[in-house]
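Here's the letter readout for the chains.
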Amino acid sequence: KTENLRVNLNLLGKIIYFYGGNIGHAQDMENLMRLVRSMQTYDNVHFLFIGQGDEVQFIIDLAAKWQLSNFSYLPSVSQDKFKDILCQVDVGLFSLSAKHTAHNFPGKLLGYMVQSLPILGSVNQNNDLTNLLVSNNAGLVSVNGDDESLLANAVALYESHDLRREIGIAGHNLLKKEFSVSSIASTIARSLWMDNESF
C-alpha cells in the first residue's frame with residue numbers, strides 16, 4: 001500500500017524538492033544545504049533528503065545549526081518505497097562536488113527521469129552532463145559554487161508548475177531516447193567495438 005508522504009511528514013500543499021541516494025563527500029552536500037537555507041523564506045517549499053553516507057551527520061548538524069524548518073532527513077528505504085516516494089515529490093535534486101574531474105552521471109537521475117521529475121542540480125566545471133540535460137531541456141543545471149544560479153533555478157521551478165511539467169516530460173523523453181534498453185545495448189556494443197579497434 002502506498003504511504004502518503006505528504007500526510008506522514010505534514011507537507012500538504014508544499015512543493016517538495018527531493019534528494020535521494022548517497023549522502024557523501026562526492027556529492028558535496030553542503031552545496032544543497034546552502035540552497036535549503038536560501039529557500040527558507042518560501043513558505044511552501046520543503047526539502048526531503050533520503051539516503052546513507054559519510055555526510056549524514058554533517059547535514060543533520062547543519063540543519064540544526066542553521067535552524068532549517070524546511071528540511072527533513074530520512075534514512076535509506078527499500079527500492080519499492082523509493083519509487084513510491086519519487087511519485088509523490090515535485091523536483092529531483094542532485095549535486096556533484098566541484099572537486100570531481102571526471103564526467104560523472106549520477107544513477108539517481110534515471111530514477112527522476114522515469115517519473116518525469118524535473119531535475120535541478122549543480123555539477124563540477126565542464127561536466128558533459130550539463131550539456132546533455134540543458135540542451136534537451138531536461139533539467140536546470142549550474143556549476144557547483146554558483147549558489148545564485150542554483151537558487152534562481154530552484155525559484156524558477158517553484159514559481160512555475162508548467163516549467164516543472166515541461167522539464168519533467170523532456171527528461172522522460174531524453175531517458176527514452178538515450179537510455180532505452182536498446183540504446184544502452186548499442187552504446188555498450190559500440191564501446192566494446194571501439195576498444196577492440198584500438199589494439
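For the structure itself, look to the data block above.
Residues numbered from 1 in each chain as written. Predicted model: local features only at pLDDT ≥ 70, side-chain atom pairs only at ≥ 80, totals over all residues. Heavy atoms only, no water.

A. Structural detail: the overall build of the protein chain. Each helix and strand counted, the protein chain has nine helices and six strands in total. The buried share of the protein chain, reckoned over its 199 residues, is 44%. Once local pairs closer than 6 in sequence are excluded, the contacts in the protein chain between residues at least 24 apart make up 75%. (Helix = DSSP H or I, 4+ residues; strand = E, 2+ residues; numbered from the N terminus. Buried < 20%, exposed > 50% of the residue type's maximum accessible area, 1.4 Å probe, protein only. Contact = heavy atoms within 4.5 Å.)

B. Structural context of the packing of helix H7 (residues 147–159) against helix H8 (residues 161–179). As a packed pair, H7 and H8 sit with axes 5 Å apart at the nearest point and diverge in direction by 105°. Considering their axes alone, H7 and H8 lie roughly perpendicular with respect to each other. Of the residues in H8, those touching H7 at Ala156, Leu157, Tyr158 and Glu159 are His161, Leu163, Arg164 and Ile167. Looking at the contact of H7 with H8, its residues break down into five nonpolar, one polar and two charged. (Axes fitted to C-alpha atoms, helices over the stretch in contact; angles between N-to-C directions. Parallel < 35°, antiparallel > 145°, perpendicular 65-115°, else oblique. Nonpolar A, V, L, I, M, F, W, Y, C, P; charged D, E, K, R; others polar.)

C. Structural view of the packing of aromatic side chains. Applying the stated criterion across every chain, the model contains five aromatic pairs. Residues Tyr17 and Phe47 carry aromatic rings whose centres are separated by 4.9 Å and whose planes lie at 25° to one another, so their mutual orientation is stacked. In this pair, Tyr17 is assigned in strand E1 (residues 15–20) and Phe47 in strand E2 (residues 45–50), connecting sequence segments 30 residues apart. For Phe47, a relative accessible area of 0% puts it in the buried group. Aromatic side chains Phe18 and Phe82 sit 5.6 Å apart centroid to centroid with 55° between the ring planes, which places their arrangement in the tilted category. Highlighted residues: Phe18 in strand E1 and Phe82 in helix H4 (residues 79–86), separated in sequence by 64 residues. The same class applies to Phe18 and to Phe82, which are both buried. A connected cluster of aromatic rings, assembled from ring pairs, spans Tyr19, Phe49 and Phe71. (Phe/Tyr/Trp six-rings, centres within 6.5 Å; stacked < 30°, edge-to-face > 60°.)

D. Representation of the packing of helix H2 (residues 29–38) against helix H3 (residues 56–65) within the structure. Between H2 and H3, the least distance of the axes is 10 Å, while the angle of their chain directions is 25°. Relative to H3, H2 is oriented roughly parallel. Crossing hand, H2 versus H3: right-handed. Here Met29, Glu30 and Met33 of H2 come into contact with H3, specifically with Phe58, Ile59, Leu62 and Ala63. Looking at the contact of H2 with H3, its residues break down into six nonpolar, no polar and one charged. (Left-handed = near helix turned anticlockwise from the far one by under 90°.)

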